[in-house]
Each structure stands twice: as C-alpha cells, then as structure tokens.
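Breakdown of the fold
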Amino acid sequence: MEKNTNQSVNRISDSENAISYVSEIEQESIQLLETVRKTEEELSSYYPQMLENSESEAETLGRVDSLRRAANNILKAWAQIYAACDELNARRSDIKNQNKKRRLIAAAPSNAAIDLNESRSQHFARGLNIYKLLLICFIGSFAGVVIELLWCLITNGYLESRSGLVCGPFNLLYGAGAVALTICLYKFRNRGSWLSFLGGMVVGSIVEYVCSWGQEMLFGSRSWDYSHMPFNINGRICLLYSVFWGLLGVLWIKDLYPRIAKLLLKIPNHIGKIITWLLTAFFILNVFMSAVSICRWSQRVEGIEPANAFWEFIDERFPDERMERIYANMEFAESKN
C-alpha cells in the first residue's frame, strides 16, 4: 500500500514539474502575443487616418509589407518550434518504448541511442554512408522475400517463389524500397510517426510504380497488376498498398532500422567492409544474370532461336521451367494473346 502511494506521489510530482517548467521561447511567445495586441490597437487608431489623409498610400503600403514580413517570420518560427516540439516528444516516446518490457520480443533501441553510439565510434557503417545503405539493400532484398513467402503460405496455403533474382531468395524491389525508405525517412527518424507514415506512402508508391514501369519497358512483362483494386494508377500502384507502404515506413524507421543499425555496429570494421564489397559483387553478377535470363526467356516466348553459344548456355542453365518457378507471377505481353 505504501509503495503504491509513493508511486502516485512521484507521478503527481513529475506532472507538477512538467507544468511548472516554462521555457525561454514560451516566455518570448507570451511577449509576442502582447506585441500583437498592441499592433492591433495601433492599427485601429490608424484606420481613421487612412480615410482623412489620401496621401498616406506609401505609409500604408509600408505597414502592409512590414506586417507581411512579420507574418512570414512568425510562420517560419512556428514551423521550427513545432518541429522541435514533435521531435522532443517523439524522442521521449521512443526512449519510453525502448525501456518498456515486451513479452515476445526485445524492444528496439531508440534512434537517439543509435545516433549517440554511432557518433562515439568510427564504425564503417555509421550515419547514412554507402556501406550501411548497401547492407540495408541486401538485408531488405532477403527479408522481403521471406515475408512474402510466409504471407503466400498463410493466405494461399502453399509456398510460391517471390524472388526477383535467379540466384538465391532475393528481390531487389524490397532492397530498393528499404534503401529509399531509409534515405527519405532518415531525417524523420526522431520525429513523430505521422511523418514516417506519409513519407512511407509516397516513397513506397513511387518505388513500386517505377519498378513496374521499368520492368515493362525493359522486358515487356509485369509481375503485379492492381487494375482490379480501387483507386489504382495504371494497375501499378493502388491506395491499399500505398497505405501498407505507409505502415511499413513507420515500422521500418522506428523499429526495423534501429535494430539493423544496432546489429551492424557489432560487425568489426575490417570484416564488415570486406563482406559488403563481396556481397556487392555477388549482387551485381546476380542482377546481370537475371536480366540476361529474363531477356532470353522473353525471346523464347516469341519463338526466337539462340543466336550463339552464349545464348545456348543461357537456355541450358535457365530453361522455361526454372524461370517459371523463380518468377511465378511474371507475365509477358505476347503470352496473353
């Protein structure tokens, strides 16, 4: 009983401290309101002069310009103060969630904690450098395929390939999405979740649209079509999946990104750099082979024979049966006829 009473007293004390704190900028804002009131009184006394003195045009325009400049300055100040307030509250919430115990999974570190740890080290993947972005791309390419496989199993009752490359369970759409979300949402990592949601919607939708358009332009094929979904744009994106991208944006920058960043901090610099460049070389080769194989697959759909020994090798290593297993949902425009 005594312990509960002490906790209640502490909460009341914390609340009183929060209410009693008055920042310097709040004091300035109170003074500003008083200045605005005086300005309104001054203008009220000036309005009759405008009617009596027709030569006051220049003075009136000067007052208008001055008030307009003041309004612009106040708007800028409001935006900066609101951003500071939003960031302070978001950091408080992130740290509170970090310290909260969860039953099934450990709490993600706050982005503020990651920033502090990275600033104190000379780690190869600190900040938003090329090493971190490449590793995020690789991790996202793999994790996206795994999640889609599980989703297919849950919704359809069977496993079906969601890979985008011919070697390994990787799909660069997810990797590119993870990189795009990281780059665009990084500056909002310590801000409110609503910014991450809006940013995720916009970034994810653009990435999905560009990838769909690029695939159709290069290979004459499409791996997804949302034409049957409401509020779609050319069947490439739709409102429902844009909302999913928004939710993913919040999940990514507030939970998954700090977990990955914390994991990367445990990799030694020398080993981490070597692993990054080896994986980069593997993905470059994988992307090249995937593009060549899909190009040759589309030629086979059109009935074009291999032109030389290289294309015969591609036909042997990547026949239609293998390509159909890897790209289970890919359709060529010619094959629809």
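Here's what I pulled together on the structure shown here. (Residues numbered from 1 in each chain as written. Predicted model: local features only at pLDDT ≥ 70, side-chain atom pairs only at ≥ 80, totals over all residues. Heavy atoms only, no water.)

Details of the packing of aromatic side chains
In this structure the tally under the stated criterion is 13 aromatic pairs. Seen from their ring centres, Y131 and W277 are 5.6 Å apart, and the 70° between their planes marks the pair as edge-to-face. In this pair, Y131 sits in helix α5 (residues 130–156) while W277 sits in helix α9 (residues 269–301), placing the two residues 146 residues apart along the sequence. By relative accessible area, which is 16% here, Y131 ends up buried. Geometrically, the ring pair formed by Y186 and Y257 is edge-to-face, given 6.1 Å between the ring centres and 90° between the ring planes. Here Y257 lies in helix α8 (residues 239–264) and Y186 lies in the loop between α6 (172–185) and α7 (193–219), a separation of 71 residues in the sequence. (Phe/Tyr/Trp six-rings, centres within 6.5 Å; stacked < 30°, edge-to-face > 60°. Helix = DSSP H or I, 4+ residues; strand = E, 2+ residues; numbered from the N terminus. Buried < 20%, exposed > 50% of the residue type's maximum accessible area, 1.4 Å probe, protein only.)

Observations concerning the packing of α9 against helix α10 (residues 309–317)
When two helices pack together, their arrangement is given by the angle between the helix axes and by the axis-to-axis distance. Following both chains from N to C, one finds α9 and α10 inclined at 90°, their axes separated by 10 Å at the closest point. What the angle tells us is that α9 and α10 run roughly perpendicular. Here M289, V292, S293, R296 and R300 of α9 lie close against α10, whose contacting residues are F310, W311, I314 and D315. When grouped by side-chain class, the residues that make up the contact of α9 with α10 number 5 nonpolar, 1 polar and 3 charged. (Axes fitted to C-alpha atoms, helices over the stretch in contact; angles between N-to-C directions. Parallel < 35°, antiparallel > 145°, perpendicular 65-115°, else oblique. Contact = heavy atoms within 4.5 Å. Nonpolar A, V, L, I, M, F, W, Y, C, P; charged D, E, K, R; others polar.)

Thoughts on the packing of α6 against α8
Where α6 meets α8, the closest approach of the two axes is 10 Å, and the angle between their N-to-C directions is 75°. Between α6 and α8, the angle falls in the class roughly perpendicular. Here G177, A178, L181, T182 and L185 of α6 lie close against α8, whose contacting residues are W245, L248, G249, W252, I253 and Y257. Classifying every residue of the contact of α6 with α8 gives 8 nonpolar, 3 polar and no charged.

Observations regarding the pattern of salt bridges
Under the criterion given, the structure shown has 18 salt bridges. A salt bridge links E160 to R162; its shortest N-O distance comes to 2.7 Å. Each member of the salt-bridge network shares a partner with another, and the members are R296, R300, D315 and D320. (Salt bridge = Lys/Arg side-chain N within 4 Å of Asp/Glu carboxyl O.)

A look at the environment of V179
For V179, the location among the structural elements is in helix α6. Separated by 47 residues in sequence, V179 and K132 have C-alpha atoms that sit 9.3 Å apart. Once you skip the residues sitting within four places of it in the chain, V179 turns out to touch L133, I136 and C137.

Focus on the side chain of E118
You can see E118 is positioned in helix α4 (residues 111–119). Residue classification places E118 among the buried positions, given a relative accessible area of 5%. A polar contact of 2.9 Å, which involves the side chain of E118, links it to the backbone nitrogen of G127. A distance of 2.6 Å separates polar atoms of two side chains, one belonging to E118 and the other to K132. (Polar contact = N/O pair within 3.5 Å; in protein donor to acceptor, adjacent residues only side chain to side chain.)

Points about α6
Here α6 contains 14 residues, and its C-alpha end-to-end distance of 19 Å stays within 8% of the 20 Å for a straight helix at 1.5 Å per residue. Burial analysis of α6 places 10 of its 14 residues in the buried class, the great majority of the element. Among all positions in α6, only L173, Y174, G175, G177, A178, V179, A180, L181, T182 and L185 are buried. In this fold, the buried residues of α6 make contact with α5, α7 and α8. Where α6 starts, the residue carrying a side-chain oxygen 2.9 Å from the main-chain nitrogen of L173 turns out to be N171. (Expected span 1.5 Å × (residues − 1).)

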